[in-house]
Amino acid sequence: MDEENKLSRKTVLKAALAAGVAAPVALIGGPALARTTVASGQAPELTPACDDGDDPTPPQTEGPYFKPNSPQRTSLVTPNTQGTRLTVSGYVFGLGCLPISRVLLDFWQADVNGAYDNVGYTFRGHQFTNDQGAFSLSTIVPGLYPGRTRHIHVKVQAPGRPVLTTQLYFPNEPRNNTDSIFDPRLLMTVRDAPPGRQAAFDFVLNVPQTSTTRPTSTTQTTPTTSTSTSNPPGGTTWAAGTGYSAGTRVTYSGRGYVCLQAHTAQPGWEPPSTPALWRAE
Ligand SMILES: [Fe+2]
């Protein structure tokens, strides 16, 4: 891989932090984002993440409002949706700085008033990265709710790999300074793009890669509609691929759990890591 193709997430982040409010236009919206920075003569001050093989995108708490089986769609808005339009786009890389295709990204967020839709699927949707490892989400700037700064939730899963659950943040939010969950490593670069805003974020997953081996997508998983059926009472062992209905009891690592929401279990949705789906007994 030549230098120009090494997209530098850290460089982008550094630039965003240095810029304060709006990241340079060149950092937004395409494969040129980090290339442009390097080509412009601004020497990267931080080693590109994909060169030293460290620093995958950090995980964050799932929070209480994840719902399984979100619709597959790249737009969460309709013409009547209230709120400032926002696009969030970027790439998903492995540790070798290669983009990964067919990565599942499942987004959920609050509406303009800071409320989550826990009945339907408003502001919930999943999509997959394309052949270039890119994704793009059309949504709104989420509203604020008590105790948190502005954020978007996402679960990111390369084919056949564990789920990364994390959150994305907006620069220059006053509450970033007081929200104990906030992590500056998860700041998006955001710029005004009237009448809305454009944001960019590149994920780095803990997926080993070499420069000669591109990741493959042979074991895709999808959060498609649950085919939930009855399960034997008393608690079978949790297993990915199984449809669970609310109230079902399972055991996992010797501990009992009760299912809170009907869903088809996915690798990475083990009961200890999905408090919105399972309650420990
Ligand atoms: Fe939240």
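Rules used throughout
- Residues numbered from 1 in each chain as written.
- Predicted model: local features only at pLDDT ≥ 70, side-chain atom pairs only at ≥ 80, totals over all residues.
- Helix = DSSP H or I, 4+ residues; strand = E, 2+ residues; numbered from the N terminus.
- Buried ≥ 20, exposed ≤ 12 C-beta atoms within 10 Å, placed from the backbone.
- Contact = placed C-beta atoms within 7 Å.
- Core = buried A, V, L, I, M, F, W, Y, C linked by C-beta atoms within 7 Å.
- Domains from an automatic or database assignment.
- pLDDT = per-residue confidence, 0-100.
- Pairing = 2+ DSSP bridges.

A. The arrangement of the overall build of the protein in detail. Summing up its helical and strand segments, the protein has three helices and 15 strands in all. When burial is assessed residue by residue, the protein has 38% of its 281 residues classed as buried. Residue pairs in contact within the protein that sit at least 24 positions apart in sequence constitute 67% of those at least 6 positions apart.

B. A look at the nonpolar core. With 50 residues, the main nonpolar core has Val92, Phe93, Ile100, Val156, Met188 and Leu205 as its most contacted residues. Only strand E1 (85–93), strand E2 (104–108), strand E4 (134–140), strand E5 (151–157), strand E6 (164–169), strand E8 (196–200), strand E9 (203–204) and strand E13 (255–259) provide two or more residues apiece to this core. Ranked by residue count, the leading element in this core is E1, at five residues. Two domains share this core, each providing at least three of its residues, namely domain 1 (3–204) and domain 2 (236–280).

C. Here's a closer look at the confidence of the model for the protein. Per-residue pLDDT for the protein averages 79, and the proportion of residues at 70 or more is 72%. Taken together, the stretch residues 1–49 has pLDDT below 50 and engages in 83 contacts with residues farther than four places along the chain or on a different chain. In this model residues 216–233 is a low-confidence stretch, pLDDT under 50, and it forms 38 contacts with partners more than four residues away in sequence or in other chains.

D. Region of interest: the environment of Gln198. Mapped onto the fold, Gln198 is located in strand E8. As a C-alpha pair, Gln198 and Arg85 span 113 residues in sequence and 8.5 Å in three-dimensional space.

E. Summary view of the sheet that holds strand E15 (residues 278–280). On the basis of which strands lie adjacent, the open sheet formed by four strands has the order E10-E12-E13-E15 and mixed pairing. Only two strands of the sheet have a single partner each, and these edge strands are strand E10 (236–237) and E15. Two strands pair when backbone bridges link them, and E10 and strand E12 (residues 249–252) are joined in this way by two bridges, in the parallel orientation. Each residue of the ladder has a partner; that of Thr236, found in E12, is Val250.

F. Molecular detail of the environment of Asn172. You can see Asn172 is positioned in the loop between E6 and strand E7 (189–193). Each C-alpha atom, one on Asn172 and one on Val190, is 9.9 Å from the other, the two residues being 18 residues apart in sequence.

G. The arrangement of unusual backbone geometry in detail. Residue Pro195 follows Pro194 across a cis peptide bond; omega there is 5°. Along the polypeptide, Pro195 turns up in the loop between E7 and E8. Despite not being glycine, Asn69 shows a phi value in the positive range, around 65°. Turning to its location among the elements, Asn69 is positioned in the loop between helix H3 (49–52) and E1.

H. Region of interest: the pairing of E1. Counting buried residues in E1 gives seven out of nine residues, a clear majority hidden from the surface. Strand direction decides the pairing type here: E1 and E4, joined by seven bridges, are antiparallel. Bridging across to E4, Ser89 finds its partner in Ser136. Of the strand pairs in this sheet, E1 and E8 are connected by four bridges, and their pairing is parallel. In the sheet register, Thr87 faces E8, and the bridge partner there is Gln198.

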